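# Notes for the structure review
The residues making up each chain are set out below.
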Amino acid sequence: RGFELKEKLKEWLKDHGYLVEDMGAHALNPDDDYPDYAFAVAGKVAENPGEDRGILVCGSGAGMDIAANKVKGIRATVSWNRESAEHARSHDDVNIIALAADWTTPEQAGEIVKAFLETKFSGEERHARRISKITNAEHFA
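A brief structural summary.

### Some thoughts on the layout of surface pockets
Its boundaries defined by the atoms lining it, the largest pocket holds a volume of some 1000 Å³. In this structure, the largest pocket is lined by 40 residues; those nearest its centre are Lys6, Gly24, Val41, Ile55 and Leu56. Looking at the lining of the largest pocket, the elements that each hand over two or more residues are helix 1 (3–15), helix 2 (34–46), strand 1 (54–58), helix 3 (62–68) and helix 5 (106–118). For the lining of the largest pocket, the class distribution of residues is 22 nonpolar, 7 polar and 11 charged.

Structure below.
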């Protein structure tokens, strides 16, 4: 359900000077499975989690978010607006956001993604401490 928004967002990113690597889907297929794309993006971001960022688009964003967070080194969240994207970056140092195509316009998506890409992690001790606990939990599996 997110293909159309992904295509529009891809053009928005290119128009604003961002390098885009599209991990799929490359054609609309109503029978595809969102975990395939979430894992592809998360795997790519996990190669360089402190630098690279990923954007996932599906109907609700929830399934993509869940799948991406299964990949070691990934901190993903669904972002609904500019404020949620800024908060997720500055407090939780997320490296992937998921967008809900069912409830997000292309204009809103551009605003959310801009905030996600331009907001820096605050580096505050309490936030770094909490992220460290999350990272350490990745070893429980």
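### Focus on the sheet that holds strand 2 (residues 76–78)
Spatial ordering of the open sheet is given by 1-3-2, a layout of 3 strands whose pairing is parallel. Either end of the sheet is taken by a strand with one partner, and the two such strands are strand 1 and strand 2. On average, each strand axis in the sheet is tilted by 20° relative to the strand beside it, whichever way the strands run. Relative to strand 3 (residues 96–100), strand 1 runs parallel, the two being bridged by 5 bridges. Bridging from a neighbouring strand, leucine 56 pairs with alanine 98 of strand 3. Across the sheet, helix 1 is in contact with strand 1 and strand 3; its angle to strand 1 comes to roughly 150°. Across the face of the sheet, helix 2 comes into contact with strand 1 and strand 3 while running at roughly 175° to strand 1.

### Let's talk about the side chain of histidine 127
Take histidine 127: it is sitting in helix 6 (residues 125–137). The residues touching histidine 127, leaving out its near neighbours within four places in the chain, are Ser90, His91, Phe121 and Ser122.

### Some points on the packing of helix 4 (residues 82–92) against helix 5
Running from N to C, helix 4 and helix 5 cross one another at 20°; their axes reach a closest spacing of 8 Å. It follows from the interaxial angle that helix 4 and helix 5 lie roughly parallel. As for the relative orientation of helix 4 and helix 5, their crossing is right-handed in sense. Contact residues: Arg82, Ala85, Glu86 and Arg89 in helix 4; Glu111, Ile112, Ala115 and Phe116 in helix 5. Partitioned by chemical class, the residues of the contact of helix 4 with helix 5 number 4 nonpolar, no polar and 4 charged.

What counts as what
Residues numbered from 1 in each chain as written. Predicted model: local features only at pLDDT ≥ 70, side-chain atom pairs only at ≥ 80, totals over all residues. Heavy atoms only, no water. 1 Å grid on protein atoms, 1.4 Å probe; cavity = no way out; pocket = protein on both sides within 12 Å on 5 of 7 lines; lining within 4 Å. Points joined across faces, edges and corners; volume = space filled by probe spheres on them. Helix = DSSP H or I, 4+ residues; strand = E, 2+ residues; numbered from the N terminus. Nonpolar A, V, L, I, M, F, W, Y, C, P; charged D, E, K, R; others polar. Pairing = 2+ DSSP bridges. Axes fitted to C-alpha atoms, helices over the stretch in contact; angles between N-to-C directions. Contact = heavy atoms within 4.5 Å. Parallel < 35°, antiparallel > 145°, perpendicular 65-115°, else oblique. Left-handed = near helix turned anticlockwise from the far one by under 90°.

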